[in-house]
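Spelled out from the first residue to the last, the chains are:
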Amino acid sequence: MKVLILTDGKAGHQSQSVALALSLGMEYDLVAVRFRNRLAKFVSYLLDRMNIMCMGLFTCGNIPSSAGDYSFVAGTGSGTFYPVKVMARRIGLESRVIFYPRGYRTDTFGHIYAPCHDNPPARPNIEMIYGAYVFVSDRMKEDAVRAFRQLHLGNAGNAVSCVIGGPSRYSTMKVEWMRGRLDSIFQELSEWNREHPDDRCEAWVTTSRRTPYEIEQLVRSYPWDFCQIYSEDTYNPVLAFAVLSRKVYVTAESISMVSELRAGASGRVLLLDNLKPGNHKLRRFADTLHD
């Protein structure tokens, strides 16, 4: 059996639906859906309240297999909630969504995987998850380590790594703040290496597509043993860092990035708290984490 995944085209949403299928040991088909316009999405909330399923509100790609080949219909994010429910009812399957479908009727979804930072109500069809839905297999870890080893041999198991993102709606990324965090990390490394001359700890770093130019320039100025700058090379070492490092520092603005690190980590994952003040979802997510 397979999972029919309806995707809004957002990588961070699609990857979570795929992770759900993989975690269940199932194959999947991806089918693109899109509301025809903003009005159509607004109307979908009203029709859903009346339990009216209308295919005309959105476009949907071709479904490659017959309904009997699928176990359920899944989607992540508000662009898929209504289409998942409509398609599931149309072909007689269960509907499953990731994220709390605020504004839609929750009782008519088969299963909802709701992040705890969304403060979902306690209901039989709602399962709380911590962070993003991430699937990391042993094979994925092995592949990530193998790819990293082609670039850097280093000291596996005794490295401290940094994963640096950038500013967002809920976070900032200022040079002086980052300088203070990096100075502290390198001070810690210096003390370790002075106390353990026969077991030197390496320093690794990667930036992301959101990292500002001035932060990249700051990062370059430190003596890393491995330094990957996203604007120069889009290779992603995050999972390898998680597997090979005894400690990973990560900026806090990306729930999916933090969740991936925690899912694959062999050691500790520590947040570099660049979040703006307020009771927003990222603050609530950070508060649920335990070292």
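Provided above is the structure to which this section pertains.
For the structure given in this document, a descriptive report is provided here.

Attention shifts here to the overall build of the protein chain. Looking only at helices and strands, one finds 9 helices and 12 strands in the protein chain. Along the longest, intermediate and shortest principal axes, the C-alpha atoms of the protein chain span 70 × 40 × 35 Å. Among the 291 residues that make up the protein chain, the fraction classed as buried is 50%. Taking all contacts inside the protein chain whose residues are at least 6 apart in sequence as the whole, residues at least 24 apart take part in 60%. Of the accessible surface of the protein chain, which amounts to about 14,100 Å², a share of 49% is contributed by carbon and sulfur atoms. A gap of 10 Å separates the mean positions of the 35 positive and 30 negative side-chain charges of the protein chain.

What follows is about the packing of helix 5 (residues 175-195) against helix 6 (residues 213-220). It is at 10 Å that the axes of helix 5 and helix 6 come closest, and there the two elements cross at 25°. For the element pair helix 5 / helix 6, the angle class is roughly parallel. In the packing of helix 5 onto helix 6, the handedness of the crossing is right-handed. Within the contact between the two elements, helix 5 uses Val-175, Met-178, Arg-179 and Leu-182 and helix 6 uses Glu-214, Ile-215, Leu-218 and Val-219. Residue classes in the contact of helix 5 with helix 6 are distributed as 6 nonpolar, no polar and 2 charged.

A word on helix 3 (residues 78-91). Between its first and last C-alpha atoms helix 3 spans 21 Å; for 14 residues at 1.5 Å apiece the expected length is 20 Å, and the two agree. Those residues of helix 3 not exposed but buried are Gly-79, Thr-80, Phe-81, Tyr-82, Pro-83, Val-84, Lys-85, Val-86, Met-87 and Ala-88. In this structure, the buried residues of helix 3 make contact with strand 1 (2-7), strand 2 (27-35), helix 2 (38-49), strand 3 (58-60), strand 4 (70-76) and strand 5 (94-98). Backbone geometry just downstream of helix 3 places Gly-92 in the positive-phi region, at approximately 75°.

Taken together, Leu-39, Phe-42, Leu-46, Met-50 and Ile-52 make up a surface patch of nonpolar side chains, about 520 Å² in accessible area. Relative to the elements of secondary structure, Met-50 occurs in the loop between helix 2 and strand 3.

As a further point, take the sheet that holds strand 6 (residues 111-115). In a beta sheet, neighbouring strands are held together by backbone hydrogen bonds and run either parallel or antiparallel to one another. Taken in spatial order, the 7 strands line up as 3-2-1-4-5-6-7 in an open sheet, and their pairing is mixed. Of all strands in the sheet, those bounded by a partner on one side alone are strand 3 and strand 7 (126-129). Between one strand axis and the next, the sheet turns by 25° as a mean value, whatever way the strands run. Across the face of the sheet, helix 3 comes into contact with strand 1, strand 2, strand 3, strand 4 and strand 5 while running at roughly 170° to strand 5.

A word on the layout of surface pockets. Put simply, the second largest pocket is a space of about 190 Å³. As for the second largest pocket, its lining consists of Asp-8, Lys-10, Val-33, Arg-34, Phe-35, Lys-41, Ser-78 and Gly-79. Those elements that provide at least two residues to the lining of the second largest pocket are strand 2 and helix 3. Among the elements that take part in the lining of the second largest pocket, strand 2 stands out by supplying 3 residues, more than any other. Each residue belonging to the lining of the second largest pocket can be placed in one class, and the counts come to 2 nonpolar, 2 polar and 4 charged.

Grouped together as the largest cluster of nonpolar side chains are 31 residues, with contacts concentrated most on Phe-148, Val-163, Trp-204, Phe-226, Phe-241, Val-250 and Leu-261. Of all elements in the fold, only helix 4 (138-149), strand 8 (159-163), helix 7 (238-244), strand 11 (247-251), helix 8 (255-264) and helix 9 (281-288) reach the threshold of two or more residues within this core. Ranked by residue count, the leading element in this core is helix 7, at 7 residues. By size, the runner-up hydrophobic cluster in this structure holds 25 residues, among which are Leu-4, Leu-6, Val-33 and Tyr-70.

The rules behind these values
- Residues numbered from 1 in each chain as written.
- Predicted model: local features only at pLDDT ≥ 70, side-chain atom pairs only at ≥ 80, totals over all residues.
- Heavy atoms only, no water.
- Helix = DSSP H or I, 4+ residues; strand = E, 2+ residues; numbered from the N terminus.
- Buried < 20%, exposed > 50% of the residue type's maximum accessible area, 1.4 Å probe, protein only.
- Contact = heavy atoms within 4.5 Å.
- Areas by Shrake-Rupley, 256 points an atom, 1.4 Å probe, with all protein chains shown as cover.
- Lys, Arg positive; Asp, Glu negative; His and termini not counted.
- Charge placed at Lys NZ, Arg CZ, Asp CG, Glu CD.
- Axes fitted to C-alpha atoms, helices over the stretch in contact; angles between N-to-C directions.
- Parallel < 35°, antiparallel > 145°, perpendicular 65-115°, else oblique.
- Left-handed = near helix turned anticlockwise from the far one by under 90°.
- Nonpolar A, V, L, I, M, F, W, Y, C, P; charged D, E, K, R; others polar.
- Expected span 1.5 Å × (residues − 1).
- Patch = residues over 30% accessible without salt bridge, like charges linked within 9 Å, V, L, I, M, F, W, Y side chains within 5 Å.
- Salt bridge = Lys/Arg side-chain N within 4 Å of Asp/Glu carboxyl O.
- Pairing = 2+ DSSP bridges.
- 1 Å grid on protein atoms, 1.4 Å probe; cavity = no way out; pocket = protein on both sides within 12 Å on 5 of 7 lines; lining within 4 Å.
- Points joined across faces, edges and corners; volume = space filled by probe spheres on them.
- Core = buried A, V, L, I, M, F, W, Y, C linked by side-chain atoms within 4.5 Å.

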